[in-house]
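Notes for the structure review
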Amino acid sequence: MTATTSSGPTAGAPLTFPVTSSAAPVSEERRAEILAAPGFGRFFTDHMATATWTRDAGWHDTGVVPYGPLQLDPAAAVLHYAQEIFEGLKAYRHADGSVWTFRPEANAARMDRSARRLALPEVGEQMFLEAITQLVRADEAWVPTGGETSLYLRPFMVATEAFLGVRAAHEVKFMVIASPAGAYFPGGVKPVSIWLSQNYTRASLGGTGSAKCGGNYAASLVAQEEAYEHGCDQVCFLDAAENTYVEELGGMNLYFVHDDGSIVTPELTGTILEGITRSSIIDLAKDLGHEVSERRVSIDEWRQGVASGRITEVFACGTAAAITPVGRLVSVDGELSHGTGAAGEVTLKIREKLLDVQYGRAEDTHGWLHRLV
Ligand SMILES: *Cc1c(COP(=O)(O)O)cnc(C)c1O
């Protein structure tokens, strides 16, 4: 699917993102300071990609412009009815200085799926790739070098039409911003602890669980607060219908490693977000000789599996952290520790393989890398 599927005068012509350079970019010294310890999501580059869609004109006013605040009418639909979607992917600098991203076509396709669910217009692969490519080229100096650093890219779409009636907006904006990201585990890979949410669910059948939308995150924050109160880093949600099956964390998918080397991830039921890291691990783990299955996993299977030794490792995955070992599961019923408290062997092996492909240290046998600079 391409941007040319949108209606309006732009139909037929591939969209470009001409660059208007910032007249006041961050100084070289300040940028170096930021890149030395960027953390996550705290600093932003000099530019942003932007495009406007209207029902009558389709996509237009595309470009890369100086980064800065938006002017939004207080009646903009997104501020009231949360008509919003987003994506997340990274640009990785390879040892030879080139800059690559990982499976961006999958992010583009997912953004269009999310758009359809949230009654927003599709962007299409061509426009999505053009926006991220021109932005990363304009802000190439912001792509950090070394370790597990990257430039995190955040495409998103919001309903900007000033109208309080409840219907799909007739005017929206698609934008991409970029934020340098440090290594997720600067002190070495460390297992996270997980709080099992039993008071709140994340998504229900027919809802928006499989769309990457801000509303899902808004609904998960109170459970995340509960997790913090119980000394945990992340929340695990169960299915809303039976409160029995493990779905995912607030922003990461889950994997279980068994004592025979087989690995399992909860199957996509319509309520789980289809992570690109999750999909990639299915292929990489098979390459590494593991049997991989997608099926329902109950919370009892998790508990009993760890107790009996059948489940030897649990890990979470997503673009931000790649792969994170799960060390503890905490709930009102008590606490369950996994393994020795250190990251598991299979978890680390798959993690290394994934990062080796992303950083150009291993052969890209699946054709997942896409060069940006
Ligand atoms: C983005 C996201 C993930 C991970 O997806 P990736 O494509 O691997 O980054 C998992 N769960 C939720 C709810 C998400 O929003």
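Here's a quick rundown of the structure. (Residues numbered from 1 in each chain as written. Predicted model: local features only at pLDDT ≥ 70, side-chain atom pairs only at ≥ 80, totals over all residues. Heavy atoms only, no water.)

The next subject is the packing of helix α3 (residues 104-117) against helix α4 (residues 125-138). Remark: α3 packs on α4, axes separated minimally by 9 Å, with the N-to-C direction vectors making an angle of 125°. Relative to α4, α3 is oriented oblique. Crossing of α3 over α4 shows right-handed handedness. Contact residues: Pro-104, Glu-105, Asn-107, Ala-108 and Met-111 in α3; Glu-125, Phe-128, Leu-129 and Ile-132 in α4. Of the residues contributing to the contact of α3 with α4, the split by class is six nonpolar, one polar and two charged. (Axes fitted to C-alpha atoms, helices over the stretch in contact; angles between N-to-C directions. Helix = DSSP H or I, 4+ residues; strand = E, 2+ residues; numbered from the N terminus. Parallel < 35°, antiparallel > 145°, perpendicular 65-115°, else oblique. Left-handed = near helix turned anticlockwise from the far one by under 90°. Contact = heavy atoms within 4.5 Å. Nonpolar A, V, L, I, M, F, W, Y, C, P; charged D, E, K, R; others polar.)

Looking now at the pattern of salt bridges. Tallying each qualifying case throughout the model produces 16 salt bridges. The salt bridge involving Arg-93 is made with Glu-140; its shortest N-O contact spans 2.9 Å. Here Glu-140 lies in the loop between α4 and β6 (150-159) and Arg-93 lies in strand β4 (residues 89-93), a separation of 47 residues in the sequence. Note on Glu-140: relative accessible area 27%, which makes it partly exposed. Between Arg-296 and Glu-242 there is a salt bridge, and its shortest N-O distance comes to 4.0 Å. Placement of the pair is Arg-296 in the loop between β13 (292-295) and α7 (299-308) and Glu-242 in the loop between β9 (234-238) and β10 (246-249), with a sequence separation of 54 residues. Judged by its relative accessible area of 33%, Arg-296 falls in the partly exposed class. Among the ionic contacts, a cluster of salt bridges with common partners joins Asp-259, Asp-260 and Arg-310. (Salt bridge = Lys/Arg side-chain N within 4 Å of Asp/Glu carboxyl O. Buried < 20%, exposed > 50% of the residue type's maximum accessible area, 1.4 Å probe, protein only.)

These figures come from the coordinates and say nothing about function on their own.
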